[in-house]
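Here's the letter readout for the chains.
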Amino acid sequence: MKIRFLYTGPSVEAVLDKFPTASVVRRHGEAAEITAMVEYSRGTIMELLSQGRWVKVLGPKQLLDDIQTEIGVMKKIYDDSI
């Protein structure tokens, strides 16, 4: 699956190292738009989420939906805190 995301963190090289097929396709000010070919798995979702607010997934829709679902589940855990 070809994924696309924006990265706004301090080290684009760190993200590129996590996805061996990744490349920066354009810059948007401080953000780098990155594409990568990945074998889509739970690991892909976890790797993107590990970057926190520094990553915004752009596509494909399946990945975006899965990321949004995971974030919703995480938010509910904190909303239901003791």
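Right above here is the structure, for reference.
Residues numbered from 1 in each chain as written. Predicted model: local features only at pLDDT ≥ 70, side-chain atom pairs only at ≥ 80, totals over all residues. Heavy atoms only, no water.

Note on helix geometry: an α-helix contains 3.6 residues per turn, so any two residues three or four positions apart are oriented the same way. Helix length check: helix α3 (residues 61–79), at 19 residues, gives a terminal C-alpha distance of 26 Å against a target of 27 Å (1.5 Å per residue), a fit within 8%. When we look at burial in α3, the residues that qualify are L63, I67 and E70. Along the long axis of α3, the arc covered by the buried residues comes to 65°, so they all point the same way. Turned more than 90 degrees off the buried face of α3, the exposed positions are K61, T69, K75, K76 and D79. For α3, the elements touching its buried residues are β1 (2–7), α2 (42–49) and β4 (55–59). (Helix = DSSP H or I, 4+ residues; strand = E, 2+ residues; numbered from the N terminus. Expected span 1.5 Å × (residues − 1). Buried < 20%, exposed > 50% of the residue type's maximum accessible area, 1.4 Å probe, protein only. Arc of directions from axis to C-beta. Contact = heavy atoms within 4.5 Å.)

Here the focus is the sheet that holds strand β3 (residues 31–37). Taking strand neighbours across the sheet as the criterion, the four strands line up as β2-β3-β1-β4 in an open arrangement whose pairing is antiparallel. The open sheet terminates on both sides in strands that have one partner only, identified here as β2 (23–28) and β4. Each strand axis lies, on average, 25° off the axis of its neighbour in the sheet, ignoring direction. Judged from the six bridges that link them, β1 and β3 form a sheet pairing that is antiparallel. Directly across from R4, in β3, lies its bridge partner T35. Against the sheet, α3 makes contact with β1 and β4, and its axis sits at roughly 140° relative to β4, the strand it touches most. (Pairing = 2+ DSSP bridges. Axes fitted to C-alpha atoms, helices over the stretch in contact; angles between N-to-C directions.)

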